Amino acid sequence: MASAKAMGQMEQDHFVLKSGHTMPAIGLGTWRAGSDTAENVQTAITEAGYRHVDTAAQYGVEKEVGQGLKAAMEAGIDRKDLFVTSKIWCTNLVPERVRPSLENTLKDLQLDYLDLYLIHWPFRLKDGAHMPPEAGEVLEFDMEGVWREMENLVKDGLVKDIGVCNYTVTKLNRLMQSAGIPPAMEMHPGWKNKKILEACKKHGIHVTAYSPLGSSEKNLAHDPVVEKVANKLNKTPGQVLIKWSLQRGTSVIPKSSKDERIKENIQVFGWEIPEDDFEALCSIKDDKRVLTGEELFVNKTHGPYKSAAELWDHED
Ligand code: NDP
Ligand code: 1BO
Ligand code: 1BO
């Protein structure tokens, strides 16, 4: 796939969603963010220049993220200049739990609205479900009912945009009647996830690339192709991976708990990956997901999902 740059689009530090709202192109990820989350969020905003933070109820750090946001606002950053995303967890994917879940998230984040509220995974789990789930712990998911309640949050001004994560083209098509659906999907040179990106582009839907560095498990910063391109461009491997995502026209939410890397990961403007190096990155072998969802949602004996392929509608 040619990069957005190669297709003549201008480099941009933000994207405009279908709703007309603006999303900063780089956000700070907070999954497995650890004990320094509040300080990391504050540093990211006040020192590194981030204006976008991605979190989730399931990450268990919303209170800390909220403390970091509060400190940044006390230091003079306006709420309206920040873009805060959170996600509803799988145990709460029933219409009547949507609003209370959002209210808890807002309370923990010390905010009165979210910029983006996402369905974290399109599977409903029973409260207290095991990993991997035991028989009967993956429940029926009323996708349209939950979505309607999320739309009500937008109508009531509690959330500016709503979206989904970890969707397939099949599932996305079910929701396509709705206006704007910014999805967050795993994307890096080791899992390009082209089908969903192309389907979203076709519908004019903005995509955020999560785990852009390959997450902790696959960390592509040590991949020889990435290292070679980084050396050539005099950039770090992390910057090259983040820029690769931006050049595909996605926003990107790298996570780091280290101040230096938090700062490094947003220094990705004013230069570009040349087309041949971009293509070399696209050719990295081993095109596989890191987050298969298998541990969370697959019960090989009892189902309802008996394999990761079933979770992803056999689209991989
Ligand atoms: P990333 O791809 O962001 O990788 C994070 C790992 O890379 C950490 O081990 C981090 O270590 C390390 N790292 C960070 N910066 C650099 C660098 N410059 N050079 C080398 N290594 C680096 O993984 P995530 O899976 O955390 O994805 C990012 C964010 O996306 C998540 O935190 C979360 O907010 C979101 N996400 C959303 C999902 C969804 O379902 N919607 C699923 C998965 C992620 P260290 O902290 O020590 O720097
Ligand atoms: C279990 C949560 C995966 C990262 O979003
Ligand atoms: C569309 C996903 C944005 C994450 O912050």
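Here, the structure is the one placed above.
Let me sum up the structure you'll find in this document. (Residues numbered from 1 in each chain as written. Chains lettered and ligands numbered in written order. Predicted model: local features only at pLDDT ≥ 70, side-chain atom pairs only at ≥ 80, totals over all residues. Heavy atoms only, no water.)

Another point: the pairing of strand β5 (residues 83-88). Successive side chains on a regular strand alternate, one facing one side of the sheet and the next facing the other. Burial analysis of β5 places 6 of its 6 residues in the buried class, the great majority of the element. Side chains F83, T85 and K87 project from β5 onto one buried face, and the interleaved V84, S86 and I88 project onto a second face that is buried too. In terms of strand pairing, strand β4 (residues 52-54) meets β5 through 3 bridges, oriented parallel. Bridged to D54 within β5 is T85. Across 4 bridges, β5 lies against strand β6 (residues 114-119) in parallel orientation. (Buried < 20%, exposed > 50% of the residue type's maximum accessible area, 1.4 Å probe, protein only. Helix = DSSP H or I, 4+ residues; strand = E, 2+ residues; numbered from the N terminus. Pairing = 2+ DSSP bridges.)

Contacts to ligand 3 come from M23, H52, D54, T85, L116, L118, P182, P183, A184 and T208. Between an oxygen atom of ligand 3 and a side-chain N or O atom of H52, the distance comes to 2.8 Å. Here T85 contributes a side-chain N or O atom positioned 2.9 Å from an oxygen atom of ligand 3. Going through the elements one at a time, β4 and β6 are the ones with two or more residues in the shell around ligand 3. Counted by class, the shell around ligand 3 contains 6 nonpolar, 3 polar and 1 charged residues. (Near = heavy atom within 4 Å. Polar contact = N/O pair within 3.5 Å; in protein donor to acceptor, adjacent residues only side chain to side chain. Nonpolar A, V, L, I, M, F, W, Y, C, P; charged D, E, K, R; others polar.)

Our next topic: the site of ligand 2. The environment of ligand 2 is formed by W31, Y59, H120, L291 and L296. Note that an oxygen atom of ligand 2 is positioned 2.5 Å from one of the side-chain N or O atoms of Y59. At 2.7 Å, a side-chain N or O of H120 approaches an oxygen atom of ligand 2. Starting from 220 Å² of accessible surface for ligand 2 in isolation, the protein chains cover 86%. Per-class residue counts for the shell around ligand 2 are 4 nonpolar, 1 polar and no charged. (Areas by Shrake-Rupley, 256 points an atom, 1.4 Å probe, with all protein chains shown as cover.)

Quick look at helix α1 (residues 37-48) now. Listed in full, the buried residues belonging to α1 are T37, A38, N40, V41, T43, A44, I45 and A48. In this structure, the buried side of α1 is in contact with β3 (28-29), β4, α2 (62-74) and α10 (259-264). Looking one or two residues beyond α1, the residue adopting positive phi is G49, at roughly 95 degrees. (Contact = heavy atoms within 4.5 Å.)

This paragraph deals with the environment of L241. For L241, the location among the structural elements is in helix α9 (residues 237-247). For the pair L241 and V226, spaced 15 residues apart in sequence, the C-alpha to C-alpha distance is 7.4 Å. Among all residues touching L241, those that are not within four sequence positions of it are P189, P212, L213, L220, A221 and V226.

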